[in-house]
Amino acid sequence: MKVLVVGNGGREHALAWKLLQSKQIEQVVCVPGNGGTASMERCQNLPLAVDDFEGISRYAHAHGITLVIVGPEVPLSKGITDYLQDKGLMVFGPIRAGAQIEASKAWAKALMQEAGIATARTAVFAEAGAAKSYVRATGAPIVVKADGLAAGKGVIMAETVEQAESAVDAIFQGQFGSAGEFVVIEECLIGQEVSILALTDGLTIRSLLPSQDHKRIGDGDMGENTGGMGAYAPAPIATPELMARIQTEVLERAIATLRAKGIDYRGTLYAGLMILPNGDFKVLEFNCRFGDPETQVILPLLETPLEELLLACVQQRLSELPPIAWKEGVCATVVAASGGYPGEYEKGQVITGIREAEKAGVTVFHAGTKLNQQQEVVTDGGRVLNVTGIGENFEQAIAQAYAGIKCIQFEGIYYRRDIGHRVVSGKR
Ligand code: AMP
Ligand code: GLY
């Protein structure tokens, strides 16, 4: 099989890396890929934009691509799957109607209500005055969200009514682009987050190992929200009992309701959950894709060949497969970011020490990197590398990831020192 992976993050590097471990996979092409995907054997980058559907289709037909796997939400929400399927290609990732589950928070909330899925108390507004009256009546802390895609920046956790009111104004003034046509206001939930990534063929849905991300930029979960600064799997907070409830009360309900709306959703359904102090849970959000960096800690533990699972989703025969097989052990990843992220940062810094890190036993997934003209790996984004350790227990996996990241240098490198603080104690 030849597979084309759309995207350029750590998630896509991990997908390509996992696929290439299978004898069934002859070649992986990444559009546009990064410095890591450019450096793997049997893997190459194709410099097209992720929304150049016509270019991707033409390449796929000319080069005998069997399966297209779409990483990011933006092309999915623009209908890449609809387009490529129309051209006769097999695509893993939901059609545009399904991608609304991530592309519109208001739409996703309505679906959760219809499906009877537990979620935070919510109100949706199309106009600032009413939204602000609601904020004043409800009080703070309160969560204000732009409706549409905002590259992870559209959620404001307001500590005061004033902060919430300015967030409402900022959203309606278009600071989040077209993400700001509606504002979603939610009660602020307290608890521990867990990411449940599940694969579905539209009828059957099977979850992957539960994982936990670290959204905030700073140690102790302080500071701004980011795309994710580190992760580990399997997350012990998601006990087998909880996973069984999530299966029936979240995943199966979501798929059944999508189907009832006439949406044949095939791809990854990612539920971001808050586990409340009393052990109950509420869904914070759905995503229509693999999580990043969650994928980088799930795939190293996957035993079943990835392409078998993804093809079964596309061909709607997931129920025929045996249960998904996992390796023993646990996995943790630490994100090395550019100084200044999630704000302004510089690009083009030369990265050294990746080989040494790999010798220390870690797997380094590239995110915001590229090769420069001298074929050196340089920084090219906010989240730069995912330094990933595997072990019998979290002490080992996390210690390995930190031993690896210490080998790596670039100007301004920043990483959290406390990834996995809920499963091991102490800073690294
Ligand atoms: P979302 O894109 O809706 O998942 O929001 C991004 C992040 O904001 C989540 O991963 C949480 O850390 C936080 N968040 C969102 N909604 C809430 C809420 N209702 N209560 C507390 N935290 C939230
Ligand atoms: N790590 C969070 C996300 O992928 O949305």
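Basis of the calculations
Residues numbered from 1 in each chain as written. Chains lettered and ligands numbered in written order. Predicted model: local features only at pLDDT ≥ 70, side-chain atom pairs only at ≥ 80, totals over all residues. Heavy atoms only, no water. Helix = DSSP H or I, 4+ residues; strand = E, 2+ residues; numbered from the N terminus. Expected span 1.5 Å × (residues − 1). Bend = angle between axes of the 7 residues up to and from the residue. Buried < 20%, exposed > 50% of the residue type's maximum accessible area, 1.4 Å probe, protein only. Contact = heavy atoms within 4.5 Å. Axes fitted to C-alpha atoms, helices over the stretch in contact; angles between N-to-C directions. Parallel < 35°, antiparallel > 145°, perpendicular 65-115°, else oblique. Left-handed = near helix turned anticlockwise from the far one by under 90°. Nonpolar A, V, L, I, M, F, W, Y, C, P; charged D, E, K, R; others polar. Near = heavy atom within 4 Å. Polar contact = N/O pair within 3.5 Å; in protein donor to acceptor, adjacent residues only side chain to side chain. Areas by Shrake-Rupley, 256 points an atom, 1.4 Å probe, with all protein chains shown as cover. Salt bridge = Lys/Arg side-chain N within 4 Å of Asp/Glu carboxyl O.

### Notes on helix α10 (residues 240-260)
Logical step 1: For α10, with 21 residues, the first-to-last C-alpha span of 29 Å sits near the 30 Å given by 1.5 Å per residue.
Logical step 2: Where α10 bends most, the angle comes to about 35 degrees, and this point is glutamine 247.
Logical step 3: Burial in α10 covers these residues: Leu242, Met243, Ile246, Gln247, Val250, Leu251, Ala254, Ile255, Thr257 and Leu258.

### Some remarks on helix α7 (residues 105-115)
Logical step 1: Turning to α7, its buried residues are Lys105, Ala106, Ala108, Lys109, Leu111, Met112 and Ala115.
Logical step 2: Following α7 by one or two positions, glycine 116 adopts a phi angle in the positive range, close to 70 degrees.

### Structural notes on the side chain of serine 57
Logical step 1: Structurally, the position occupied by serine 57 is in helix α3 (residues 53-62).
Logical step 2: The class for serine 57 is buried, based on a relative accessible area of 6%.
Logical step 3: When neighbours within four sequence positions are excluded, serine 57 is seen to be in contact with Tyr83, Leu84, Lys87 and Leu89.

### Here we look at the packing of helix α8 (residues 128-138) against helix α9 (residues 161-172)
Logical step 1: It is the contact of α8 with α9, at a shortest axis distance of 10 Å, that shows an interaxial angle of 160 degrees. One element, α8, and the other, α9, form an angle in the roughly antiparallel class. Crossing hand, α8 versus α9: right-handed. Facing Ala128, Ala131, Lys132, Val135 and Arg136 of α8, the residues of α9 in contact are Val161, Ala164, Glu165, Val168, Asp169 and Phe172.
Logical step 2: Considered class by class, the residues forming the contact of α8 with α9 number 7 nonpolar, no polar and 4 charged.

### Considering the site of ligand 2
Logical step 1: Neighbouring ligand 2 are the residues Asp213, Lys215, Gly227, Tyr270, Asn287, Arg289, Gly291, Asp292, Pro293 and Glu294.
Logical step 2: Within the side chain of aspartate 213, one N or O atom sits 2.7 Å away from a nitrogen atom of ligand 2.
Logical step 3: Within the contact set of ligand 2, a nitrogen atom lies 2.8 Å away from a side-chain nitrogen or oxygen of glutamate 294.
Logical step 4: Summarising the interface, the protein chains cover 90% of the accessible area of ligand 2, which totals 200 Å² for the free molecule.

### Re the site of ligand 1
Logical step 1: Near ligand 1 there are 16 residues, and of these Lys145, Glu186, Glu193, Lys215 and Glu285 occur at the shortest range.
Logical step 2: Glutamate 187 is positioned with one of its backbone polar atoms (N or O) 2.9 Å from a nitrogen atom of ligand 1.
Logical step 3: In isolation ligand 1 offers 470 Å² of accessible surface; the protein chains occlude 92% of this area.
Logical step 4: Of all elements in the fold, only β7 (142-146), β8 (155-158), β9 (183-187) and β17 (281-287) reach the threshold of two or more residues within the shell around ligand 1.
Logical step 5: Of the residues contributing to the shell around ligand 1, the split by class is 8 nonpolar, 1 polar and 7 charged.

### Quick notes on the pattern of salt bridges
Logical step 1: The final tally for this structure, using the stated rule, is 22 salt bridges.
Logical step 2: In this structure, arginine 422 engages aspartate 221 in a salt bridge whose closest nitrogen and oxygen atoms are separated by 3.4 Å. One end of the pair, arginine 422, is in the segment after α14 (394-405); the other, aspartate 221, is in the loop between β13 (216-218) and β14 (222-225), with 201 residues separating them in the sequence.
Logical step 3: Exposure remark for aspartate 221: the relative accessible area of 22% places this residue in the partly exposed category.

Shape is all these values report; function is a separate question.
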